[in-house]
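Observations on chain architecture
Listed here are the chains, written in short residue letters.
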Number of protein chains: 2
Amino acid sequence: LAMLQGHAQIATRRFDVRDTKGLKALVMPFDLVISAVPGFLGFQTITAVIEAGKDLVDISFLPEDVLPLDSMAKANGVTAITDCGVAPGLPNLIAGYHHALSTIHRFEYMVGGLPRVRTLPFEYKAPFSPCDVIEEYTRPARLKENGQVVTKPAMSDRELIWFEEVGTLEAFNSDGLRSLLYTLPSIGEMCEKTLRYPGHIDKIIFLRDAGFFGKDPIKVGDASFTPFDLTTEVLKKGWFLHPEEEEFTIMRIMLNLEDGEGRRTVQYHLYDTWHPQTGISSMARTTGYTCTAAAHLILNGIFNDKGVFPPECVGKHSAAKDFVFNYLVARDVLITCTEGSFV
Amino acid sequence: LAMLQGHAQIATRRFDVRDTKGLKALVMPFDLVISAVPGFLGFQTITAVIEAGKDLVDISFLPEDVLPLDSMAKANGVTAITDCGVAPGLPNLIAGYHHALSTIHRFEYMVGGLPRVRTLPFEYKAPFSPCDVIEEYTRPARLKENGQVVTKPAMSDRELIWFEEVGTLEAFNSDGLRSLLYTLPSIGEMCEKTLRYPGHIDKIIFLRDAGFFGKDPIKVGDASFTPFDLTTEVLKKGWFLHPEEEEFTIMRIMLNLEDGEGRRTVQYHLYDTWHPQTGISSMARTTGYTCTAAAHLILNGIFNDKGVFPPECVGKHSAAKDFVFNYLVARDVLITCTEGSFV
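These notes cover the structure that comes with them. All values reported here derive from a predicted model rather than from experimental measurement.

Calculation criteria
- Each residue is numbered by its place in its chain's sequence as written, counting from 1.
- Going through the entries in the order they are written, you letter the chains from A and number the ligands from 1.
- Predicted model: local features are reported for residues with pLDDT of at least 70 only, side-chain atom pairs are reported and counted for 80 or more only, and whole-chain, interface and lining totals are derived from all residues.
- As a convention, hydrogens and water are excluded, and side-chain values are obtained from all of the structure's heavy atoms.
- The way it works is that DSSP assigns letters per residue, a run of H or I at least four long becomes a helix, a run of E at least two long becomes a strand, and they are numbered from the N terminus.
- Burial here depends on accessible area, computed with a 1.4 Å probe over protein chains only, as a share of the maximum for the residue type. Under 20% is buried, over 50% is exposed, and the range in between is partly exposed.
- Residue contacts follow a heavy-atom distance rule, with two residues in contact if any of their heavy atoms lie within 4.5 Å.
- Note that accessible areas follow from Shrake-Rupley with a 1.4 Å probe, and for residues the cover is restricted to the protein chains shown.
- A carboxyl oxygen of Asp or Glu within 4 Å of a side-chain nitrogen of Lys or Arg is what we treat as a salt bridge.
- For the least-squares superposition of copies, only C-alpha atoms count, and only for residues with pLDDT at least 70 in both.
- Summed over both partners, the accessible area lost on bringing two parts together, with a 1.4 Å probe, is the buried area.
- Pairing between strands requires that DSSP locate at least two bridges from one strand to the other.
- Look down the strands so they point away from you; if the path from the first strand over the helix to the second goes clockwise, the crossover is right-handed.
- The axes used here are C-alpha line fits, helices contributing only the stretch in contact, and every angle between their N-to-C directions lies in the interval 0 to 180 degrees.
- For classification purposes, an angle smaller than 35 degrees is called roughly parallel, one larger than 145 roughly antiparallel, one from 65 to 115 roughly perpendicular, and anything else oblique.
- The handedness criterion is simple: a crossing whose near helix is rotated anticlockwise from the far helix by less than a right angle is left-handed, and one whose near helix is rotated clockwise is right-handed.
- Three classes are used: nonpolar for Ala, Val, Leu, Ile, Met, Phe, Trp, Tyr, Cys and Pro, charged for Asp, Glu, Lys and Arg, and polar for all others, with Gly counted as polar.
- A 3.5 Å cut-off defines polar contacts: any pair of N or O atoms within that distance qualifies, except that in protein one atom must be a possible hydrogen donor and the other a possible acceptor, and neighbouring residues in sequence count only when both atoms are side-chain atoms.

Turning our attention to the overall build of chain A. Secondary structure assignment for chain A yields 11 helices and 15 strands. With the C-alpha coordinates of chain A rotated into their principal frame, the extents come out at 60 × 55 × 45 Å. Within chain A, the fraction of its 343 residues that count as buried is 52%. Taking as baseline every contact in chain A between residues at least 6 positions apart, the subset at least 24 positions apart corresponds to 67%. Looking at chain A as shown, the accessible area adds up to about 15500 Å², and 54% of this sits on carbon and sulfur atoms.

Take a look at the structure:
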């Protein structure tokens with residue numbers, strides 16, 4: 001909170017969001033709430049905000065399904081946009097946009113946040129908590145094949161992908177599709193992959209196979225702890241991203257779609273770097289500005305449907321998608337779009 | 001001790017060797033003591049035995065220098081042979097043997113104990129305690145170059161070596177020379193390497209660089225522990241060598257020497273496997289039989305010098321070296337020796 005001191009229009013307040021009754025009172029004077037709590041606190045936080053009747057944008061990457069909160073949001077007249085960061089977030093918005101205009105045969109995206117300077121052994125720094133990264137590396141990945149949701153092991157289907165800005169990266173399955181698995185049932189093929197420098201994931205697989213992600217407690221002397229706990233602590237040091245350390249966020253979104261003009265591929269590309277003028281990381285920029293764009297969507301009355309909406313349910317309104325893209329461009333977060341014929 | 005029940009000539013006794021006064025009384029009725037305690041208990045144990053005036057063979061791989069005990073051993077009329085296993089042990093014996101007969105220009109050996117079945121990720125099982133193996137992987141390696149003792153990082157100077165019995169292995173510096181660094185000062189070039197399946201040591205270096213061998217305590221909740229402690233526990237499972245699991249011990253000893261017949265290379269080769277008839281591991285066979293051979297050397301009066309002697313100081317007596325070799329051959333531990341001209 002100390003970083004926000006001195007901004008005339010910002011008041012800070014330290015508050016334990018687990019006090020849901022107090023939280024409801026706390027948000028009462030405001031028009032809109034942005035929830036950016038750690039994932040494990042997400043569900044109870046947005047439940048309290050919806051109960052309080054307040055509009056909401058959420059980027060807490062909570063593990064639970066939020067659609068059960070939809071009816072309460074409708075009843076309370078609340079507009080809630082969830083999972084609205086860079087990813088999940090932008091790819092959902094784009095999927096929803098094209099889904100409203102065409103038939104999508106295949107939807108696929110890959111995304112990563114990486115340090116510019118590659119330092120062995122991991123060639124990785126965590127722009128968010130290491131334990132959430134390890135969760136991402138261990139949770140089985142759900143994707144869609146032939147119209148069916150299938151589950152594959154985390155870090156499967158590895159492939160090398162070349163990017164003009166940063167060279168060859170390695171992509172592997174992760175569990176980032178979330179609501180997309182169910183909200184756009186007409187799309188038969190969907191997958192999401194995480195990007196890292198080549199070799200990184202070999203070390204993660206090694207740590208997993210050697211038992212370092214285990215969650216059964218081990219006793220050493222009087223102390224009892226899990227390998228997962230220790231690994232998280234060890235990596236917290238090794239993966240520490242210094243605030244001034246140059247990093248980038250890179251994302252490629254690919255659609256095979258068909259409309260009145262025929263069948264073709266559409267590819268979106270995002271590459272954003274640590275911003276030297278402001279010292280703001282690309283992960284903060286791309287996630288934060290997508291989130292605040294959604295807040296302005298609600299506050300400006302561009303999107304005011306009542307209920308709980310993952311971004312694909314917002315993007316189907318082209319005015320909403322255009323607003324978010326223009327909002328990002330105004331902040332130097334550039335997304336290019338290219339089209340080609342379907343091979 | 002339960003494994004020894006039923007042998008008519010063996011009596012077992014559970015005893016805490018840290019009670020050095022009690023230990024001296026315990027050993028009093030016996031002719032000779034073999035110390036096979038964990039390394040960290042080694043020095044105090046053999047000190048007590050020498051104070052008790054008993055002859056001694058030690059295979060506890062203690063970290064301390066034992067030569068300061070030499071004068072007490074002489075005063076008490078004790079013959080003590082230390083570090084007398086497969087390695088350290090046999091290479092020392094061989095170095096001492098040739099040192100008495102020739103000028104040794106270079107002495108080098110490499111040794112490893114490995115499972116026959118290679119299982120990823122480590123392709124390794126520990127024939128002794130994992131924490132001692134990790135110590136071996138972290139302790140800087142002392143060797144001799146141009147007559148000087150030099151220290152190199154553990155796991156440095158990696159090279160691939162092909163063996164007829166087991167294919168390509170990887171050798172790297174470890175700290176196995178110990179007393180040889182000082183007892184045979186005329187040998188200007190000496191090194192010792194550990195052998196593993198290729199790739200194993202990359203994973204160890206990765207774990208080290210990632211901080212998993214750290215000895216600074218980390219706090220998680222109320223528990224405090226070191227990465228080293230946890231890693232040891234994780235590897236204890238992954239490296240567990242089942243008593244019936246086939247393993248082998250392989251060693252190559254190379255000398256460049258010069259005598260009346262000119263300059264040439266002499267190479268010793270040992271390859272021993274888990275013994276199906278007895279179920280005894282090669283590590284137990286090669287270490288244990290070398291140790292008991294030394295005990296018979298003393299008991300049979302072949303070597304009765306008074307003082308503390310690493311095996312190189314025993315091997316200079318060719319009768320002693322021949323006795324140990326014949327003792328091993330009688331137990332199917334075969335060491336071949338080949339000679340070639342010096343290139």
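Residues and elements named next belong to chain A. For Phe 172, the position within the fold is in strand 8 (residues 167-173). We classify Phe 172 as buried; its relative accessible area is 1%. Distance from Phe 172 to Ala 8, taken between C-alpha atoms, is 44 Å for residues 164 residues apart in sequence. The residues touching Phe 172, leaving out its near neighbours within four places in the chain, are Tyr 137, Met 155, Ser 156, Asp 157, Arg 158, Glu 192, Lys 193, Thr 194, Arg 196 and Ile 201.

Here the focus is the pattern of salt bridges. Residue and element names in this part refer to chain A. Taken as a whole, this structure holds 46 salt bridges over all chains when the rule is applied. The shortest N-O distance in the salt bridge between Asp 16 and Arg 18 comes to 3.0 Å. On the accessibility criterion, Asp 16 (39% relative accessible area) is partly exposed. You can call Arg 18 exposed: its relative accessible area is 57%. Where Glu 135 meets Lys 215, a salt bridge forms, and the shortest distance between an N and an O atom there is 3.0 Å. Separated by 80 residues along the polypeptide, Glu 135 in helix 5 (residues 130-138) and Lys 215 in the loop between helix 7 (200-209) and strand 10 (218-220) bring together distant segments of the chain.

With that settled, the discussion passes to the relation of the copies chain A and chain B. Under the fitted operation, chain A is carried onto chain B by 0.1 Å of movement along the axis and a turn of 179°, and the coordinates agree to an RMSD of 0.1 Å. Given the turn and translation reported, the copies of this chain are related as if by a two-fold rotation axis. When C-alpha distances to the rotation axis are compared across chain A, the minimum falls at Ala223(A), with a value of 2.5 Å. In this assembly the copies share their binding face: 100% of the residues contributing to the interface of chain A also contribute to that of chain B.

Moving on, we come to the interface of chain A and chain B. Opposite the 22 residues of chain A that make contact, chain B presents 23 residues. Across the interface of chain A and chain B, roughly 1900 Å² is buried in total on both sides, 88% from carbon and sulfur atoms. For chain A, the biggest contributors to the area lost against chain B are Phe206(A), Phe212(A) and Leu230(A); these three give 29% of the whole. Inspection of the chain A/chain B interface yields zero salt bridges.

All names here are of chain B. Alternating positions in strand 2 (residues 55-58) separate into two faces, Asp 55 and Val 57 on one and Leu 56 and Asp 58 on the other, with burial throughout. Summarising the sheet, strand 1 (residues 32-35) and strand 2 pair through four bridges and their orientation is parallel. The residue of strand 2 that forms the bridge with Val 33 is Leu 56. Handedness of the crossover is the feature at issue here: the chain leaves strand 1, passes through helix 2 (residues 39-51), returns alongside strand 2, and the resulting connection is right-handed. You can see the chain leave strand 2, run along helix 3 (residues 70-75) and come back into strand 3 (residues 79-81), and the turn it takes is right-handed.

Moving on, we get to the packing of helix 5 of chain A against helix 8 (residues 227-238) of chain A. All names here are of chain A. Their axes nearest at 9 Å, the elements helix 5 and helix 8 cross at an angle of 120°. One way to sum up the angle between helix 5 and helix 8 is to call them oblique. For the crossing formed where helix 5 meets helix 8, the hand is right-handed. On helix 8, the residues touching Pro 130, Cys 131, Ile 134 and Glu 135 of helix 5 are Phe 228, Thr 231, Thr 232, Leu 235 and Lys 236. Of the residues that constitute the contact of helix 5 with helix 8, the class distribution is five nonpolar, two polar and two charged.

Here we take up unusual backbone geometry. Residue and element names in this part refer to chain A. For the bond from Ala 87 to Pro 88, the omega torsion is 0°, close enough to zero to count as cis. Cis geometry is found at the peptide bond from Leu 120 to Pro 121, where omega equals 10°. Inspection of the secondary structure puts Pro 121 in the loop between strand 4 (103-115) and helix 5. Phi angles above zero are rare outside glycine, and Asn 146 is one such case at about 50°. The phi torsion at Asp 157 lies on the positive side, around 50°, for a residue other than glycine. Take Asp 157: it is sitting in the loop between strand 6 (148-152) and strand 7 (159-163). Accessibility expressed as a relative area gives 37% for Asp 157, which makes it partly exposed.

Our next topic: the side chain of Lys144(B). Residues and elements named next belong to chain B. Structurally, the position occupied by Lys 144 is in strand 5 (residues 141-145). A distance of 2.9 Å separates the side chain of Lys 144 from the backbone oxygen of Ile 187, its partner in a polar contact. Excluding its chain neighbours within four sequence positions, the residues that come into contact with Lys 144 are Val 149, Leu 181, Leu 184, Pro 185, Ile 187, Gly 188, Glu 189 and Met 190.

Residue and element names in this part refer to chain A. Taking strand neighbours across the sheet as the criterion, the four strands line up as 1-2-3-14 in an open arrangement whose pairing is parallel. Every other strand in the sheet has two partners, leaving strand 1 (32-35) and strand 14 (307-309) as the edge strands with one partner each. Across the sheet, the mean angle from the axis of one strand to that of its neighbour is 15°, orientation sign disregarded.

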